[in-house]
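Structural overview for review
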Amino acid sequence: MAREQVTEVLAEMVANVLSVAVAPGDTVAAGDTVVLLESMKMEIPVLLEAPGTIRAVKVAPGDVVQEGDVLVELVR
């Protein structure tokens, strides 16, 4: 039986979470936006590098994230 490969999508900077575009169980493709961040009055979409299924969403709109914080977990 194959093991799930869990990938954590991390924040690359200190930012505010403007919106979350996915929910647990969603099937996503490479290039999909999962979270929209705001930093220094700029909106920064967080894009997936690989397809999979969202296992968990670790942030909500209004949260402040630090560099390296987990935004979502993706199962491939």
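The notes below deal with the structure included here. (Residues numbered from 1 in each chain as written. Predicted model: local features only at pLDDT ≥ 70, side-chain atom pairs only at ≥ 80, totals over all residues. Heavy atoms only, no water.)

1. Side note on the side chain of Glu38
- In this fold, Glu38 is placed in strand β4 (residues 33–39).
- Despite its burial, Glu38 pairs with no opposite charge; the closest candidate is Lys41, at 7.4 Å N-O.
- Only 2.8 Å separates the side chain of Glu38 from the backbone nitrogen of Lys41, close enough to count as a polar contact.
- Other than its neighbours up to four places away in sequence, Glu38 contacts Ala15, Asn16, Leu18 and Ile44. (Helix = DSSP H or I, 4+ residues; strand = E, 2+ residues; numbered from the N terminus. Buried < 20%, exposed > 50% of the residue type's maximum accessible area, 1.4 Å probe, protein only. Lys, Arg positive; Asp, Glu negative; His and termini not counted. Salt bridge = Lys/Arg side-chain N within 4 Å of Asp/Glu carboxyl O. Polar contact = N/O pair within 3.5 Å; in protein donor to acceptor, adjacent residues only side chain to side chain. Contact = heavy atoms within 4.5 Å.)

2. Observations concerning the sheet that holds β4
- Taken in spatial order, the four strands of this open sheet run β5-β4-β2-β7, and their pairing is antiparallel. The sheet terminates laterally at β5 (42–47) and β7 (64–65), the two strands that pair on one side only.
- Across two bridges, strand β2 (residues 15–20) lies against β7 in antiparallel orientation. Within β7, the position partnered with Ala15 by the bridge is Val65. (Pairing = 2+ DSSP bridges.)

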